Amino acid sequence: MPQIDQIMSTYGSQFFWLVITFGLIYFVIGRSMLPKIQGTVDLRKGKIAGDIAAAKAAHARADEIEEDYRQAQARARDAAMAITAEAKAKGAREAEARVRDADVGIAAHLAEAEAAIAAQQASALTEIEAVAVEAAQDIVARLTPAKVTKPQVNRAVKGALADA
Amino acid sequence: MAAESGKIDPMHQFEIAPVFPGGFEIAGQTIAFTNSALWMLLTLVTLWVFMQGGMKRELVPGRWQLMVESFTGFIDDMLVANIGAEGRKYAPYVFSLFMFILFANILGLLPIGVVGGHPFTVTSHLTITGILAIVSFAIVLIVGFGRHGLHFFSLFVPHGTPLPMIPFIFLVELLSFLVRPFSLGLRLFVAMTAGHILLKVLAGFVINSTNAGVGYGLMVGLPSLTLMVGISALEILVAVVQAYVFALLTSLYINDAVNLH
């Protein structure tokens with residue numbers, strides 16, 4: 001077996017060349033190139049993980065925005081409904097007040113009118129009395145020779161009218 | 001073992017010979033540019049070219065970049081699974097180890113003999129696998145004693161050991177711990193050597209039987225060739241699995257040193 005037979009005559013040369021080649025591999029490839037390649041791989045892993053995290057964050061943010069939007073919409077709807085209800089209530093109150101005012105006005109007019117009617121009736125009655133007195137005095141003067149004074153006629157007419 | 005199959009020696013592929021004459025001496029050892037050195041350099045260059053694909057560093061990787069990143073990710077995941085989050089600290093060493101062994105294994109399997117080349121499997125040499133195993137073991141010792149001091153010896157006393165058993169268990173565990181570099185280095189060396197010998201022996205059968213006549217060629221050579229195709233596929237699997245096993249065991253041993261069980 002040459003590996004054993006030649007061991008004493010070649011180990012120096014084998015050792016020498018192994019130190020040179022393996023040393024170069026260790027320092028140039030293992031210590032200098034390998035970390036750069038590992039760095040690239042790590043960078044890529046980091047980038048992918050970062051991108052996924054960013055996508056997840058964006059997704060969460062979108063959900064948040066949607067939730068905010070929903071809440072804002074709900075709030076706006078509630079506010080709108082409150083305003084509508086208030087306006088309705090206010091309208092109803094105003095209408096009621098106006099009707100009440102109108103009622104008061106109408107009642108006042110009615111009372112006035114009734115008073116006017118009563119006054120006219122009274123004045124009409126006194127006029128009728130005066131006319132009746134004159135007419136009765138005239139009639140008596142024409143038909144009878146008896147002379148009647150105005151107070152007598154007045155008393156008689158008042159009595160007749162009260163009886164009627 | 002040699003010369004039985006005619007002129008074809010299945011062990012010749014493991015011989016180390018200088019590619020260029022010359023070289024220099026350090027402490028009695030001749031350092032020459034050998035075929036082993038050539039294939040180590042080829043491993044380094046091929047691996048470096050392969051890694052260039054990972055250096056594009058684009059956010060959306062292409063095929064080549066993805067291939068490189070799947071290797072780095074594989075080692076990263078293995079270290080994190082076995083050692084924990086701080087396992088990534090050992091990624092440069094374990095990754096270098098895994099890729100060096102994997103590329104050396106696969107380059108040694110390439111059928112460049114077809115165009116006259118002589119493939120050489122760096123990892124089929126005990127000197128190489130032994131040094132790699134010793135380096136792994138040394139890292140375990142340095143990390144273990146560096147982090148835990150003498151408390152590191154508690155690794156050899158599993159939790160719940162009855163008091164009278166502690167000396168015995170300690171010795172057994174210590175022994176199994178000390179055997180680790182040997183098993184680590186021998187496993188890869190033996191697996192690669194055995195596979196390559198098997199392929200060469202079968203290839204010798206094909207050539208020698210065909211030379212002996214068409215009948216022998218059909219009876220012996222053809223089944224051998226079929227078997228070689230299957231074993232070549234198996235050897236590719238072994239090349240990958242052995243690189244994985246070496247890296248996995250190294251990370252498990254480092255885990256012992258970091259976390260003490």
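For clarity, every value in this text was computed on a predicted model and none was experimentally measured.

Caption draft 1: Just the overall build of chain B, in detail. Assigned secondary structure in chain B consists of six helices and two strands. If you list the helices and strands of chain B from N to C, you get β-β-α-α-α-α-α-α. Viewed in the frame of its principal axes, chain B has a C-alpha envelope of about 70 × 55 × 45 Å. Going through the 261 residues of chain B one by one, you find that 44% of them count as buried. Summarising the internal contacts of chain B: among those between residues at least 6 apart in sequence, 67% fall at separations of at least 24. For chain B, the computed accessible surface area is about 13,000 Å², with 75% contributed by carbon and sulfur atoms. Of the charged side chains in chain B, 10 are positive and 12 negative; the average position of the first set lies 7 Å away from that of the second.

Caption draft 2: Local environment of the overall build of chain A. Per the secondary structure count, chain A includes three helices and zero strands. Each helix and strand of chain A, ordered N terminal to C terminal, gives the series α-α-α. What you see for chain A is a C-alpha radius of gyration of 64 Å, clearly larger than the 15 Å of a compact globule of 164 residues, by over 25%. Looking at chain A residue by residue over its 164 residues, the buried ones come to 16%. Of the roughly 12,100 Å² of accessible surface on chain A, 65% is carried by carbon and sulfur atoms. Mean positive and mean negative side-chain charge positions of chain A (20 and 21 charges, respectively) differ by 8 Å.

Caption draft 3: Focus on a nonpolar patch on the surface. Residues Ile 20, Leu 24, Phe 27 and Val 28 of chain A together with Val 45, Trp 48, Val 49, Trp 64 and Met 67 of chain B make up a contiguous nonpolar surface patch of about 780 Å² in total accessible area. Listed by contribution, the elements that provide at least two residues to the nonpolar patch are α2 (7-143) of chain A together with α1 (35-52) and α2 (63-83) of chain B. Looking at which element gives the most residues to the nonpolar patch, the answer is α2 of chain A, with four residues. Looking at where Val 28 of chain A falls in the secondary structure, it is placed in helix α2. Residue Val 28 of chain A is classed as partly exposed on the basis of its relative accessible area, which comes to 32%.

Caption draft 4: How the structure looks around the packing of helix α3 (residues 91-109) of chain B against helix α6 (residues 214-259) of chain B. Residues and elements named next belong to chain B. Here α3 crosses α6 at 160 degrees, and the two axes come no closer than 9 Å. Viewed along their axes, α3 and α6 adopt a mutual orientation that is roughly antiparallel. In this structure, α3 crosses over α6, and the sense of that crossing is right-handed. Contact residues: Tyr 93, Val 94, Leu 97, Phe 98, Ile 101, Leu 102, Asn 105, Ile 106 and Leu 109 in α3; Glu 235, Ile 236, Ala 239, Val 240, Gln 242, Ala 243, Tyr 244, Phe 246, Ala 247, Thr 250 and Ile 254 in α6. For the contact of α3 with α6, a count of residues per class yields 16 nonpolar, three polar and one charged.

Caption draft 5: A look at the side chain of Thr 72 of chain B. Within the element layout of this structure, Thr 72 of chain B appears in helix α2. A polar side-chain atom of Thr 72 of chain B sits 2.9 Å from the main-chain carbonyl oxygen of Glu 69 of chain B. In contact with Thr 72 of chain B, not counting residues within four places along its chain, are Leu 34 and Ile 37 of chain A together with Phe 95 of chain B.

Caption draft 6: Layout of the interface of chain B and chain A. The interface is formed by 48 residues belonging to chain B together with 36 residues belonging to chain A. When chain B packs against chain A, the two sides together hide about 4,000 Å² of surface, and 74% of this comes from carbon and sulfur. When the buried area of chain B at its contact with chain A is split by residue, Gln 29, Leu 44 and Leu 59 of chain B rank highest and sum to 15% of it. Counting the contacts that link chain B with chain A gives two salt bridges. Ionic pairing is found between Asp 42 of chain A and Arg 88 of chain B, a salt bridge with its closest N-O pair at 3.2 Å. Summed over the shared surface of chain B and chain A, the number is 13 residue pairs in polar contact (both at pLDDT 80 or more). Sorting the residues of the side of chain B that touches chain A by element identifies β2 (29-31), α1, α2, α3, α4 (126-148) and α5 (166-212) of chain B as the ones contributing at least two each.

Caption draft 7: Examining the pattern of salt bridges more closely. All names here are of chain A. Applying the stated criterion across every chain yields a total of 10 salt bridges over all chains. We note a salt bridge from Asp 51 to Lys 47, for which the minimum N-O separation is 3.4 Å. You can see Asp 51 and its partner Lys 47 sitting in helix α2, four residues apart, about one turn around the helix. For Lys 47, a relative accessible area of 41% translates into the label partly exposed. Between Glu 66 and Arg 70 there is a salt bridge, with its nearest N and O atoms 2.8 Å apart. Within this pair, Glu 66 and its partner Arg 70 are both found in helix α2, separated by four residues, close to a single helical turn. Given the relative accessible area of 39%, Glu 66 is considered partly exposed. According to the relative accessible area criterion, Arg 70 is partly exposed, its value standing at 47%.

Caption draft 8: Quick peek at α5 of chain B. Its 47 residues place the ends of α5 of chain B 65 Å apart at the C-alpha level, agreeing with the 69 Å of an ideal helix rising 1.5 Å per residue. One or two residues past the end of α5 of chain B sits Gly 213 of chain B, with phi positive at roughly 145 degrees.

Caption draft 9: Representation of the side chain of Asp 76 of chain B within the structure. By secondary structure assignment, the location of Asp 76 of chain B is in helix α2. There is a polar contact of 2.6 Å between the side chain of Asp 76 of chain B and the side chain of Gln 38 of chain A. Within the structure, the side chain of Asp 76 of chain B is placed 2.8 Å from the side chain of Arg 88 of chain B, a separation counted as a polar contact. The contacts of Asp 76 of chain B, once residues within four sequence positions are left out, are Gln 38 of chain A together with Arg 88 and Ala 91 of chain B.

Calculation criteria
- Residues numbered from 1 in each chain as written.
- Chains lettered and ligands numbered in written order.
- Predicted model: local features only at pLDDT ≥ 70, side-chain atom pairs only at ≥ 80, totals over all residues.
- Heavy atoms only, no water.
- Helix = DSSP H or I, 4+ residues; strand = E, 2+ residues; numbered from the N terminus.
- Buried < 20%, exposed > 50% of the residue type's maximum accessible area, 1.4 Å probe, protein only.
- Contact = heavy atoms within 4.5 Å.
- Areas by Shrake-Rupley, 256 points an atom, 1.4 Å probe, with all protein chains shown as cover.
- Lys, Arg positive; Asp, Glu negative; His and termini not counted.
- Charge placed at Lys NZ, Arg CZ, Asp CG, Glu CD.
- Rg over C-alpha atoms; globule rule 2.2 N^0.38 Å.
- Patch = residues over 30% accessible without salt bridge, like charges linked within 9 Å, V, L, I, M, F, W, Y side chains within 5 Å.
- Salt bridge = Lys/Arg side-chain N within 4 Å of Asp/Glu carboxyl O.
- Axes fitted to C-alpha atoms, helices over the stretch in contact; angles between N-to-C directions.
- Parallel < 35°, antiparallel > 145°, perpendicular 65-115°, else oblique.
- Left-handed = near helix turned anticlockwise from the far one by under 90°.
- Nonpolar A, V, L, I, M, F, W, Y, C, P; charged D, E, K, R; others polar.
- Polar contact = N/O pair within 3.5 Å; in protein donor to acceptor, adjacent residues only side chain to side chain.
- Buried area = accessible area lost by both parts, 1.4 Å probe.
- Expected span 1.5 Å × (residues − 1).

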